[in-house]
Amino acid sequence: MRMDEKTTNAKKNLFVSVKEFFQKDLVQYIVKRLFMFFPTLFLISILAFFVIQLPETDYVDREISKLIAEGEMITQEEADALRKEYGLDLPVHERYIKWVSGIIWTPTDSAYYRLYGSHHDWKYSFAYGRNVWDVIDDRLGLTILVSALIMLFQYGISLPIAVYASTHQYSLGDYISSIFGFIGAAIPNFILAFILMYWSYKWTGNANVGLDLSGFFPFLKSMVIPFLVIGTSGTCGIIRSVRAQMLDEVGKQYTLTARAKGVPERKIVMKYCFRAAMNPTVSGLGGVLSSLFSGSTVTAMVLMIDIQGPELLKSLQTGDVYLAGGIVMTQAILVVIGILFSDIALAFLDPRIRYSGGAR
């Protein structure tokens with residue numbers, strides 16, 4: 001009986017500890033954000049798929065126009081057969097249901113599972129004649145790596161400059177950082193890319209187009225121009241936002257009280273002011289990720305960087321709807337994950353956020 005009582009008490013204690021854990025404000029906040037993850041992706045998938053279908057012509061129409069321009073004749077029966085083969089004869093909502101249900105789960109007895117051994121069918125790319133996920137996977141790792149490095153470069157440059165500019169307001173360094181920040185924001189990325197490529201060719205005899213994947217240091221060397229072009233375009237906004245927040249925090253009552261009590265200035269700036277000033281910057285991580293994934297498409301084409309942005313543009317131009325939808329969904333998943341992490345980071349930075357929205 002004693003063993004039974006000990007087992008029962010252990011179960012009760014475990015239940016109580018789990019219950020207390022989920023009653024914590026931070027945990028409740030994270031769970032709420034996790035519950036919002038899948039509905040957000042579902043709404044994005046609906047919007048993305050139906051927007052991609054908006055052009056009046058589809059992939060078959062474009063292929064037929066290309067064949068006619070080359071002097072070949074295509075009958076209506078052949079066009080209908082092609083459209084049926086590609087699954088474009090179904091209404092848009094039926095295509096969407098088949099697309100989403102295939103991504104979520106594909107049965108074991110399906111032809112797709114027998115071919116690829118995967119329960120997630122992303123359909124086939126019309127242009128490549130390959131599985132959509134294989135086409136995406138060819139560029140996904142490089143896209144994430146390039147985006148992560150550029151984001152680290154942006155924040156690694158912007159945050160120290162913003163802290164310096166806020167603690168040395170109206171100094172020469174403050175004016176210089178503002179000038180360079182606004183220049184980076186004002187010059188279009190593709191024009192800056194052409195200028196830097198020209199200077200690189202004049203000085204080194206190499207325009208440094210594309211990425212050198214032969215090794216770590218050659219890769220970093222080939223990333224210099226993308227860092228300067230794509231990275232500097234976002235530094236101005238980060239510098240101005242953090243600088244303004246820092247100036248606001250430095251003048252608040254609690255910092256004046258801390259100085260009066262003899263707290264070192266460095267501790268006041270970095271532990272209190274900088275932490276509070278990071279809130280808007282951390283909350284904007286999702287937008288930064290989105291701009292890096294898709295907003296640098298033209299620059300990536302100019303620099304011949306083989307990432308997802310140019311491939312998405314190409315798939316939209318050719319009407320390759322499943323490839324375009326797959327790329328958009330992949331980027332959406334990564335961006336929503338980035339927003340989720342930024343929300344959790346905000347909850348750690350500022351406990352007040354955990355109680356927002358009537359949580360308490």
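Look a little higher up for the structure.
Residues numbered from 1 in each chain as written. Predicted model: local features only at pLDDT ≥ 70, side-chain atom pairs only at ≥ 80, totals over all residues. Heavy atoms only, no water.

A. Structural detail: a nonpolar patch on the surface. Taken together, Phe190, Ile191, Phe194, Ile195, Tyr198, Trp199 and Trp203 make up a surface patch of nonpolar side chains, about 780 Å² in accessible area. Inspection of the secondary structure puts Trp199 in helix H9 (residues 189–204). Taking the relative accessible area as the measure of exposure, Trp199 reaches 41% and is therefore partly exposed. (Patch = residues over 30% accessible without salt bridge, like charges linked within 9 Å, V, L, I, M, F, W, Y side chains within 5 Å. Areas by Shrake-Rupley, 256 points an atom, 1.4 Å probe, with all protein chains shown as cover. Salt bridge = Lys/Arg side-chain N within 4 Å of Asp/Glu carboxyl O. Helix = DSSP H or I, 4+ residues; strand = E, 2+ residues; numbered from the N terminus. Buried < 20%, exposed > 50% of the residue type's maximum accessible area, 1.4 Å probe, protein only.)

B. Region of interest: the environment of Asp212. Mapped onto the fold, Asp212 is located in the loop between H9 and helix H10 (216–222). Residue Asp212 is classed as partly exposed on the basis of its relative accessible area, which comes to 32%. Here the alpha-carbon distance between Asp212 and Ile305, two residues 93 residues apart in the chain, equals 10.0 Å. Discounting residues that sit within four places of it in the chain, Asp212 has contacts with Pro218, Phe219 and Ser222. A polar atom in the side chain of Asp212 sits 2.7 Å from the side chain of Ser214. (Contact = heavy atoms within 4.5 Å. Polar contact = N/O pair within 3.5 Å; in protein donor to acceptor, adjacent residues only side chain to side chain.)

C. A look at the pattern of salt bridges. A complete count under the given rule lists nine salt bridges for this structure. Between Asp121 and Lys123 there is a salt bridge, with the nearest N and O atoms lying 3.8 Å from each other. Accessibility expressed as a relative area gives 16% for Lys123, which makes it buried. A salt bridge links Arg243 to Asp174; the shortest N-O distance between them is 2.8 Å. In this pair, Arg243 sits in helix H11 (residues 224–250) while Asp174 sits in helix H8 (residues 172–186), placing the two residues 69 residues apart along the sequence. For Arg243, a relative accessible area of 10% gives the class buried.

Limitation: the analysis is restricted to geometry and does not speak to function.
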